[in-house]
Amino acid sequence: MNRLFEVYSKGLYQSLNSEELINVKEAFQCIVSSNDIVSLKTFFKDKTISKREKLQTALALVNDDSSIKPFFNTLADNNRFDLLPDLFKYFVTYCFTQEGNIPVNVKLNKEPSDDVKEKISSFVSNKFNKSMQVNYEIDASLIGGIIIKHKDNEIDLSLDNKLSGLKELLIN
């Protein structure tokens, strides 16, 4: 599936000029960070909804931006609206990677509040001395805490890690 995301992201990336790229990336970031992401995923995967209706919804999400209409038409022609909104997230990451700005991945056990997201963004900016894309992953198996990954670096502040360390200490 990642290969398919990469192909579509690369095609879209190469079809946009620099101004359009900035606008599309910002629009996709807003969609990805919205609270409606789950309902959007359900909507685009629903096989009872027509391609035309999905196309209209996708265009409405980006304020009918004409630069992205051919991309959505391609998705419609290939019957691949089911890739949305995951493709939005992948495209944003692809853009940052192309720009040499690899995003930071943050794993939590539940959806973070806006206040927590702001604190994480501030921490990331201070740690890496620049503003970076932050991707959030929800992992219900985590007891609590947070895991932050960037490139080969990992900061594991999860309770699971702390309990594992305590277990090792007690065994030895």
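Everything discussed here concerns the structure shown above.
No experiment lies behind these values; they were computed from the predicted model shown. As a convention, each chain's residues are numbered from 1 in the sequence order in which they are written. For a predicted model such as this one, the threshold for reporting local features is a pLDDT of at least 70, and the threshold for listing and counting side-chain atom pairs is 80 or more; totals across whole chains, interfaces and linings nevertheless cover every residue. Based on all heavy atoms of the structure, the side-chain values leave hydrogens and waters out of the count.

(A) Layout of the overall build of the chain. Across its full length, the chain carries 8 helices and 4 strands. Projected onto the principal axes, the alpha-carbon positions of the chain cover approximately 60 × 40 × 30 Å. Each residue is placed in one exposure class: buried if its accessible area under a 1.4 Å probe, protein chains only, is under 20% of its type's maximum, exposed if it is over 50%, and partly exposed if it falls in between. Buried residues in the chain amount to 34% of all 172 residues. If you take every contact in the chain between residues at least 6 apart in sequence, the share linking residues at least 24 apart comes to 66%. Summing over all exposed atoms, the chain offers an accessible surface of approximately 10,600 Å²; the carbon and sulfur share of this is 49%. The centroid of the 22 positive side-chain charges in the chain is displaced by 4 Å from the centroid of its 24 negative side-chain charges. Helix numbering and strand numbering both begin at the N terminus, where a helix is a DSSP run of H or I of at least 4 residues and a strand a DSSP run of E of at least 2. Contact definition: two residues touch when any of their heavy atoms are within 4.5 Å. Only the protein chains shown count as cover for residues, and all accessible areas are computed by the Shrake-Rupley method using a 1.4 Å probe. Residues scored as charged are limited to Lys and Arg (positive) and Asp and Glu (negative), so that His and the chain ends carry no count. Note that the charge is assigned to NZ on lysines, CZ on arginines, CG on aspartates and CD on glutamates.

(B) Representation of the pattern of salt bridges in the model. Any Lys or Arg side-chain nitrogen located within 4 Å of an Asp or Glu carboxyl oxygen qualifies as a salt bridge. Using the criterion set out here, one finds 7 salt bridges in the structure. For Lys107, the salt bridge identified is with Asp139, shortest N-O distance 3.9 Å. Here Asp139 lies in the loop between strand 2 (134-138) and strand 3 (147-150) and Lys107 lies in strand 1 (residues 104-108), a separation of 32 residues in the sequence.

(C) Geometry of the packing of helix 4 (residues 51-61) against helix 5 (residues 69-77). Geometry is summarised by axes, namely lines fitted to C-alpha atoms with helices restricted to the contacting stretch, and by angles between N-to-C directions that run from 0 to 180 degrees. Look at helix 4 against helix 5: their axes get within 10 Å of each other, and the N-to-C directions meet at 155°. The angle between the axes of helix 4 and helix 5 places the two elements in the roughly antiparallel class. Helix 5 is crossed by helix 4, and the crossing has right-handed handedness. Residues Lys51, Leu55, Ala58 and Leu59 of helix 4 touch helix 5, and the partners they reach there are Lys69, Phe72, Asn73, Ala76 and Asp77. Side-chain classes follow a simple rule in which Ala, Val, Leu, Ile, Met, Phe, Trp, Tyr, Cys and Pro form the nonpolar group, Asp, Glu, Lys and Arg form the charged group, and the remainder, Gly included, forms the polar group. Across the contact of helix 4 with helix 5, the residue classes break down as 5 nonpolar, 1 polar and 3 charged. Each angle is binned into one of four classes, with values under 35 degrees roughly parallel, values over 145 roughly antiparallel, values of 65 to 115 roughly perpendicular, and all other values oblique. Should the near helix be turned counterclockwise from the far one by less than a right angle, the crossing is left-handed, whereas a clockwise turn marks it as right-handed.

(D) Just unusual backbone geometry, in detail. Cis geometry is found at the peptide bond from Leu84 to Pro85, where omega equals 0°. Mapped onto the secondary structure, Pro85 falls in the loop between helix 5 and helix 6 (86-98). Non-glycine residue Asp64 carries a positive phi angle of around 55°. Backbone geometry at Lys151 places phi at a positive 50°, although glycine is not the residue there. Within the secondary structure, Lys151 sits in the loop between strand 3 and strand 4 (153-156).

(E) Highlighting the state of the cysteines. Cysteine sulfur pairs qualify as disulfides if the two atoms are within 2.5 Å. For the structure on display, the rule yields 0 disulfides. Cys95 supplies the cysteine sulfur nearest to Cys30, a cysteine that is in no disulfide, at a spacing of 14 Å. Given a relative accessible area of 53%, Cys30 falls into the exposed group. On the accessibility criterion, Cys95 (0% relative accessible area) is buried.

(F) Quick look at the layout of surface pockets. Of the pockets and cavities examined, the largest pocket occupies roughly 610 Å³. Elements that contribute at least two residues to the lining of the largest pocket include exactly helix 2 (18-33), helix 3 (37-45), helix 6, helix 7 (114-128) and strand 2. Counting residues per element, the lining of the largest pocket draws most heavily on strand 2, which supplies 5 residues. Residue composition of the lining of the largest pocket, grouped by class: 8 nonpolar, 7 polar and 6 charged. Each pocket or cavity is described by its volume, and for the second largest pocket that value is around 210 Å³. The distinction between a cavity and a pocket rests on a 1 Å grid over the protein atoms alone: a 1.4 Å probe fits inside a cavity but cannot get out, while a pocket stays open yet meets protein on both sides within 12 Å along at least five of seven lines, and a residue with an atom within 4 Å of a point counts as lining. Lining of the second largest pocket is provided by Lys89, Thr93, Ile102, Pro103, Asn105, Val106, Asn135, Tyr136, Glu137, Lys149, His150 and Lys151. For the lining of the second largest pocket, the secondary structure elements donating two or more residues are helix 6, strand 1, strand 2 and strand 3. Counting residues per element, the lining of the second largest pocket draws most heavily on strand 2, which supplies 3 residues. The residue makeup of the lining of the second largest pocket, split by class, is 4 nonpolar, 4 polar and 4 charged. Grid points are joined across faces, edges and corners, and a volume is the space filled by probe spheres set on the points.

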